[in-house]
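What follows is each chain in one-letter form.
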Amino acid sequence: MRWLFALLLVWLALPALADDGARSALATVDLAGSSLTAEGRDRGRPRPMELRLTISQPVPYRVYFLDGPPRLVVDFREIDFSGTRAGDLPGRELVPALRWGRFRSGWSRLVMELPGPYALRTAVQRPAEGGAGGALVKLRIEPVDATEFVTRGNALSALWDLPKPAEVTPLPPRRTGRRPLRVAIDPGHGGHDPGAQVGAIYEAAVLLGFARELTEILTRAGFEVVATRKDDSFIPLERRMTIARTAQADLFISLHADALPAGEAAGLSIYVWNPQADDRATRELATRHDRADLLAGLDLSGTDDQIADVLMDLARTETHPRSQAFAKFAVSELNRAGIGMHSRPVRGAAFSVLKSPDIPSVLIELGFLTDAGDRANLFDPDWRARTAQALARAISLWAQDDAARAALSRR
Ligand SMILES: [Zn+2]
């Protein structure tokens, strides 16, 4: 019966507060009063652990587990994690990975990768020592056999409203020229997923900055821009595609500046969808791109069920050449602007975010944050302006070419 305890949804009633207005500010974490500790000395195998988080005020939260890899997920309503790094939590090294950040409006999420299957034994929130209105959240977890590992996927889904799967809107009609071309700009990463990191530099922040500059230039060039992310929040890959589809975007451009995979050369490169891409470096990148979604607790497998595979393939046979055409225009314009690129600038990769069957999509690795030369470019306003302007010209040329081809195919 003990495993039943793990099923309990911890949904705390907030203590009645005299003045509701005083709670308008979000709770923050006090790292000095927070820790992860393990019991026993056997470092070779999973041990019971206790996670203590001291926060500035009590908040509702819920706890559950996910598998593949085993993870403990705590959703808070809501903690402002900005300004605190999960890596600074005392005891962080006891687990393979720990992330936290804003998840979506009104929710923050902590995800702790575990060294094996665990169950929740106790979860309490009580006034913090020292008072001042703070609270201490204390979660105790213990290792269990794989057969006793209860995850939300197999047990809790009925109890807790999972984030809604992306709604599938009908395939948008090809643009008829009556409205400006609409470009979805997708700055990668965000929230608890900072992307590549070099010292105090985070890929997610660098991309947000570039996306803003690119948006400005595209808007001035007469395009409409839809952003999949406007601040430092976590947006699952699937939702990024849904945002573009719902907005009826004509083109989807994902922006990245990852860590340089082993054996890869630096420089800007453009990726288009190719599930057969059999290149270790791009596979490495693809895994890294999807890893944040895994850590965030989203399982991407099966999401394609919503659109019949046949429909997807049919749509892709038309969309894929359009993505490739855009990549070619982009390379040619970037070349003309003197932007240094990878020797094979257009490549195929199985990046999940490129999977839209109906919207031409590319992923641009602006450069690799871990490469000194690329990093210097990313921090050079002139390089960024030239890159953004070249992309604007490429979009314009591609749109004309694309419309001409569409007119031909209708004949
Ligand atoms: Zn990235």
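Predicted model, so just to flag it, every value in this text is computed and none were measured.

Novice: When you look at the pairing of strand β1 (residues 27-38) in this model, what are you seeing that I'm missing?
Specialist: Every regular strand shows the same layout, with side chains that alternate between the two sheet faces. Bridge analysis of β1 against strand β5 (residues 79-80) gives 2 bridges, and the strand direction is parallel. Across the sheet, A27 pairs through a bridge with I79, a residue of β5. Both β1 and strand β2 (residues 49-55) contribute to a ladder of 6 bridges, which runs antiparallel. Bridge pairing in β2 links S35 to R52.

Novice: Mind showing me how you'd approach the pairing of strand β3 (residues 61-66) here?
Specialist: In terms of residue burial, β3 counts as a mostly covered element, since 6 of its 6 residues are buried. In β3, alternate side chains face the same way, and those of Y61, V63 and F65 on one face and R62, Y64 and L66 on the other are all buried. In this structure, β3 lies alongside strand β4 (residues 71-76), joined through 6 bridges in antiparallel fashion. Paired with R62 across the two strands is D75, which belongs to β4. In sequence, β3 turns back onto β4 through a hairpin of 4 residues, with G68 there showing a positive phi of about 75 degrees.

Novice: Would you mind going over helix α3 (residues 203-220) with me for this structure?
Specialist: Since the α-helix advances by 3.6 residues per turn, residues separated by three or four positions end up pointing in the same direction. In a regular helix each residue adds 1.5 Å, so 18 residues correspond to 26 Å; α3 covers 26 Å between its end C-alpha atoms and thus fits that length. By the burial criterion, the buried members of α3 are E203, A204, V206, L207, L208, F210, A211, L214, I217 and L218. Two residues or fewer after α3 comes G222, characterised by a positive phi angle close to 95 degrees.

Novice: I would appreciate a short explanation of the sheet that holds strand β6 (residues 97-104) in the present structure.
Specialist: Backbone hydrogen bonds hold the strands of a sheet together, and the pairing may be parallel or antiparallel. One open sheet accounts for 4 strands, arranged β3-β4-β7-β6; its pairing is antiparallel. The open sheet has two edge strands, β3 and β6, and neither has a second partner. Between one strand and the next, the sheet's axes are offset by a mean angle of 20 degrees, whatever the strand orientation. Judged from the 6 bridges that link them, β4 and strand β7 (residues 107-113) form a sheet pairing that is antiparallel. Bridge pairing in β7 links D75 to R109.

Novice: Just checking my understanding: could you explain the nonpolar core for this structure?
Specialist: I253 and L255 are the most contacted members of the largest nonpolar core, which has 43 residues in total. The element best represented in this core is helix α8 (residues 381-410), accounting for 9 residues. Apart from the residues lying within four places of it in its own chain, the contact partners of L255 are I185, D186, P187, G188, L207, F210, A211, L214, I364 and L366.

Novice: When you look at the coordination of the zinc ion in this model, what are you seeing that I'm missing?
Specialist: For a metal bound by four donors in tetrahedral geometry, the ideal donor-metal-donor angle is 109.5 degrees, whereas six donors in octahedral geometry ideally sit at 90 or 180 degrees. Only H189 (NE2), E203 (OE), H256 (ND1), D258 (OD) and D258 (OD) from the protein reach the zinc ion as donors, at distances of 2.0 to 2.5 Å. For the zinc ion, all donor residues lie on one chain, and their spacing in sequence is H-x13-E-x52-H-x1-D. With H189 in the loop between β10 (182-187) and β11 (197-198) and H256 in strand β14 (residues 251-256), this pair connects stretches of sequence that are 67 residues apart. The residues H189 and H256 share a single accessibility class, namely buried.

Novice: Quick question: what am I supposed to make of the pattern of salt bridges here?
Specialist: A side chain with one charge may pair with a side chain of the opposite charge, provided their charged atoms come close. Under the definition given, this model contains 17 salt bridges. Its salt-bridge partner being E78, residue R102 comes within 3.7 Å of it at the nearest N-O pair. Here the residue R102 occupies a position in strand β6, and E78 occupies one in the loop between β4 and β5, the gap between them amounting to 24 residues. According to the relative accessible area criterion, R102 is partly exposed, its value standing at 31%. You can call E78 buried: its relative accessible area is 13%. Two residues, E224 and R182, come together in a salt bridge whose shortest N-O distance is 2.6 Å. Of this pair, E224 sits in strand β13 (residues 224-227) while R182 is found in strand β10, placing the two residues 42 residues apart along the sequence. Classification of E224 by relative accessible area gives partly exposed; the value is 29%.

Novice: What is the right way to read the packing of aromatic side chains from this model?
Specialist: Each aromatic ring pair is specified by the distance between its two centres and by the angle formed by the two planes. For the coordinates displayed, the defined rule picks out 5 aromatic pairs. Centre to centre, the rings of F81 and W100 are 4.9 Å apart; their planes meet at 10 degrees, and the pair counts as stacked. With F81 in the loop between β5 and β6 and W100 in strand β6, this residue pair connects regions lying 19 residues apart in the sequence. Of the two residues, F81 and W100, both sit in the buried class.

The rules behind the values
- Residues numbered from 1 in each chain as written.
- Predicted model: local features only at pLDDT ≥ 70, side-chain atom pairs only at ≥ 80, totals over all residues.
- Heavy atoms only, no water.
- Pairing = 2+ DSSP bridges.
- Helix = DSSP H or I, 4+ residues; strand = E, 2+ residues; numbered from the N terminus.
- Buried < 20%, exposed > 50% of the residue type's maximum accessible area, 1.4 Å probe, protein only.
- Expected span 1.5 Å × (residues − 1).
- Axes fitted to C-alpha atoms, helices over the stretch in contact; angles between N-to-C directions.
- Core = buried A, V, L, I, M, F, W, Y, C linked by side-chain atoms within 4.5 Å.
- Contact = heavy atoms within 4.5 Å.
- Donors = N, O, S within 2.8 Å, 3.2 Å for Na, K, Ca; no water.
- Salt bridge = Lys/Arg side-chain N within 4 Å of Asp/Glu carboxyl O.
- Phe/Tyr/Trp six-rings, centres within 6.5 Å; stacked < 30°, edge-to-face > 60°.

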